[in-house]
Amino acid sequence: VVVAARLCAYMLALSLTLSSTMTILREFRSEYQVYNKNDIEVTEFIKDTTPPDSIILANSYLWNLVTPLTGRNIVTGTSTFLYFHGIDNSQRESDVRSMYEVPSECEELFRTYNIRYILISNAERYNYDIDYEFFSSSCKLIFNNPSAQIYQIN
């Protein structure tokens with residue numbers, strides 16, 4: 001019985017060690033990137049030109065370009081985190097969608113959330129039917145690269 005228990009313990013230790021070693025090797029050899037050079041350029045611009053207390057209209061995606069890399073605030077965080085803490089942010093998510101898709105009807109929302117900057121990156125393009133015409137005609141484009149555009153509300 002003691003021999004069988006020791007054998008099971010060794011097999012368990014070996015399998016855990018082997019699987020974790022394989023995971024580390026896979027990650028070490030991986031070319032996966034969360035942020036590219038253009039994304040970093042966006043975040044550096046935000047850090048260098050916006051006040052630390054700025055609220056930026058951006059997607060609530062976990063790896064958005066604003067919160068993880070600049071320390072600036074967005075209107076709402078990722079709902080999966082907030083939900084499990086008992087926070088219902090569905091209204092804020094709806095408001096963010098409205099501000100991207102029908103911004104001409106959301107002047108009060110921009111004021112309510114004290115939004116001065118609008119980020120349009122791939123995450124926003126993917127998740128919203130953005131009213132580009134409104135932003136280009138009513139806001140000042142202050143940053144533009146292949147990853148994103150940043151508008152300042154006039």
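Reference entry: report on the structure contained in this document.

Counting its regular elements, the chain contains 8 helices and 5 strands. Taken over the C-alpha trace, the chain has a radius of gyration of 22 Å; the compact-globule value for 154 residues is 15 Å, which it surpasses by more than 25%. With the C-alpha coordinates aligned to their principal axes, the bounding extent of the chain is approximately 75 × 35 × 30 Å. Looking at the chain as a whole, 32% of its 154 residues qualify as buried. Partitioning the intrachain contacts of the chain with sequence separation of at least 6 by distance along the chain shows that 55% fall at a separation of at least 24. Charge separation in the chain, taken as the distance between the mean sites of 12 positive and 18 negative side-chain charges, equals 10 Å.

Evaluation of the coordinates by the stated rule reveals 4 salt bridges. In this structure, Glu101 engages Arg97 in a salt bridge whose closest nitrogen and oxygen atoms are separated by 2.8 Å. With Glu101 and Arg97 both in helix α5 (residues 90-101) and 4 residues apart, the pair spans about one turn of that helix. Under the relative-accessibility criterion, Arg97 is labelled partly exposed at 37%. Each member of the salt-bridge network shares a partner with another, and the members are Glu107, Glu108 and Arg111.

What counts as what
Residues numbered from 1 in each chain as written. Predicted model: local features only at pLDDT ≥ 70, side-chain atom pairs only at ≥ 80, totals over all residues. Heavy atoms only, no water. Helix = DSSP H or I, 4+ residues; strand = E, 2+ residues; numbered from the N terminus. Rg over C-alpha atoms; globule rule 2.2 N^0.38 Å. Buried < 20%, exposed > 50% of the residue type's maximum accessible area, 1.4 Å probe, protein only. Contact = heavy atoms within 4.5 Å. Lys, Arg positive; Asp, Glu negative; His and termini not counted. Charge placed at Lys NZ, Arg CZ, Asp CG, Glu CD. Salt bridge = Lys/Arg side-chain N within 4 Å of Asp/Glu carboxyl O.

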